[in-house]
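# A look at the structure
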Amino acid sequence: GPYGGDVTTLALDNNNPNVAYAGLADAGIWKTTDGGQNWAVSSDGLFDDQIQVLKVDPTVGNIVFAGTKIGGLFKSTDGGAYWNHSSSGLTTVNIRSIVFDPSSSQHLYLATDLGLFESLNNGDSWQKVNEDSLSDPDLSVVAYTPNDSTIYVGTNNSGVFKRSTSDTAWVQ
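The sections below set out a description of the structure shown in this document. Small disclaimer: the values here were computed from a predicted structure and weren't measured. Going along each chain's sequence as written, the residues are numbered from 1 onward. Whole-chain, interface and lining totals are the exception, using all residues; otherwise, since this is a predicted model, local features are given only for residues with pLDDT of at least 70 and side-chain atom pairs are given and counted only at 80 or more. Hydrogens and water are ignored here; the side-chain numbers use all heavy atoms of the structure.

## Brief notes about the overall build of the protein chain
Labels follow the DSSP assignment, with helices taken as runs of H or I lasting at least four residues and strands as runs of E lasting at least two, numbered in each case from the N terminus. Tallying secondary structure elements over the protein chain gives zero helices and 15 strands in all. Our radius of gyration is a C-alpha quantity, and the globule rule it is checked against amounts to 2.2 Å times the number of residues to the power 0.38. Its C-alpha radius of gyration of 16 Å places the protein chain within 12% of the 16 Å reference for a compact globule of 172 residues. By its C-alpha atoms, the protein chain is 45 × 30 × 25 Å across when sized along the principal axes. Taking all 172 residues of the protein chain together, the buried fraction comes to 45%. Note on contacts: a residue pair qualifies if any of its non-hydrogen atoms lie within 4.5 Å across the two residues. A separation threshold of at least 6 residues defines the contact pool for the protein chain, and within that pool the share at least 24 residues apart is 36%. Residue-level accessible areas treat just the shown protein chains as cover; the underlying method is Shrake-Rupley with a 1.4 Å probe. Working note: accessible area of the protein chain is about 7,900 Å², and carbon and sulfur atoms make up 48% of it. Computing the positive centroid from 8 side-chain charges and the negative centroid from 19, the protein chain places the two 4 Å apart. Buried, partly exposed and exposed residues are distinguished by accessible area as a fraction of the type maximum, computed with a 1.4 Å probe on protein chains only: under 20%, between the cut-offs, and over 50%, respectively. Positive charges come from Lys and Arg, negative ones from Asp and Glu, while His and the chain ends are left out of the count. Charge positions are represented by NZ for Lys, CZ for Arg, CG for Asp and CD for Glu.

## Re the pattern of salt bridges
Only one rule defines a salt bridge in this text: a Lys or Arg side-chain nitrogen within 4 Å of an Asp or Glu carboxyl oxygen. A complete count under the given rule lists two salt bridges for this structure. Across the pair D124 and K75 runs a salt bridge whose closest N-O atoms are separated by 3.2 Å. Residue D124 is located in the loop between strand 11 (115-119) and strand 12 (127-128), and its partner K75 is located in strand 7 (residues 73-76); the two are separated by 49 residues in the primary sequence. Overall, the relative accessible area of 48% leaves D124 in the partly exposed class. In this structure K75 comes out as buried when scored by relative accessible area, which is 10%. R96 is the partner of D138 in a salt bridge, and the nearest nitrogen-oxygen pair spans 2.4 Å. Placement of the pair is D138 in the loop between strand 12 and strand 13 (139-145) and R96 in strand 9 (residues 95-101), with a sequence separation of 42 residues. Among the residues examined, R96 registers a relative accessible area of 22% and is labelled partly exposed.

## A closer look at the sheet that holds strand 13
The strand order across the open sheet built from three strands is 13-14-15, with neighbouring strands paired in antiparallel fashion. Pairing within the sheet leaves two strands with one partner each, and these edge strands are strand 13 and strand 15 (160-164). Shown here is a sheet whose adjacent strand axes are inclined to one another by a mean of 20°, direction ignored. Pairing between two strands requires that DSSP report at least two bridges joining them. Pairing geometry for strand 13 and strand 14 (residues 150-155), over six bridges, is antiparallel. Across the sheet, residue V141 finds its bridge partner in strand 14, namely G154. Interaxial angle, 0 to 180 degrees, is taken between N-to-C directions of lines fitted to C-alpha atoms, where a helix line uses only the stretch in contact.

## Considerations on the environment of A111
For A111, the position within the fold is in strand 10 (residues 104-112). Note on A111: relative accessible area 0%, which makes it buried. Note: C-alpha distance between A111 and G67 (44 residues apart in sequence) is 9.8 Å. A111 has contacts with N94, I95, R96, S97, L116, L139, S140, V141 and V142, leaving out every residue within four places of it along the chain.

## Examining the sheet that holds strand 9
Across a sheet, paired strands are connected by hydrogen bonds in the backbone, their directions being either parallel or antiparallel. Read from one edge to the other, the open sheet built from four strands follows the order 9-10-11-12, with strand pairing classed as antiparallel. The outermost strands of the open sheet, each flanked by one partner alone, are strand 9 and strand 12.

Fair warning: the whole summary comes from geometry, so function is off the table for now.
As structure tokens, this is what we get:
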């Protein structure tokens with residue numbers, strides 16, 4: 001498997017059980033296409049090898065997102081062979097968590113050190129989500145429940161907050 005660093009995140013391709021990605025704290029992205037028997041570096045195009053989170057598009061397995069510590073968000077549309085910077089509209093480079101809306105892979109959320117961001121076009125552009133009543137925008141994780149359209153965010157200092165996508169008020 002991947003050697004030379006701490007594994008910080010793993011991502012699986014729901015469409016192909018033999019494909020998996022490993023993100024390392026200081027050694028980029030590694031990929032297996034044979035169920036973990038062999039691993040190869042898959043970091044072409046990345047200019048930050050401090051990987052914090054990886055997510056594979058649940059419907060299109062060749063689309064993969066990588067959130068880094070100081071380089072922002074990267075997107076691959078060819079199964080990790082090449083990565084493009086995908087941070088249009090982001091005001092931070094510290095990407096900590098990525099979640100897809102299970103009902104539409106075009107809809108994603110990012111938890112960052114400067115708040116929550118949303119994309120409606122598969123990560124091509126991002127806009128900040130209203131956080132007027134969120135007392136701590138230093139987010140570590142985001143989760144989304146499609147059955148009632150509730151977003152949950154975990155902060156680094158103030159606990160967990162939630163809100164409905166149809167509301168603007170965050171509740172702790």
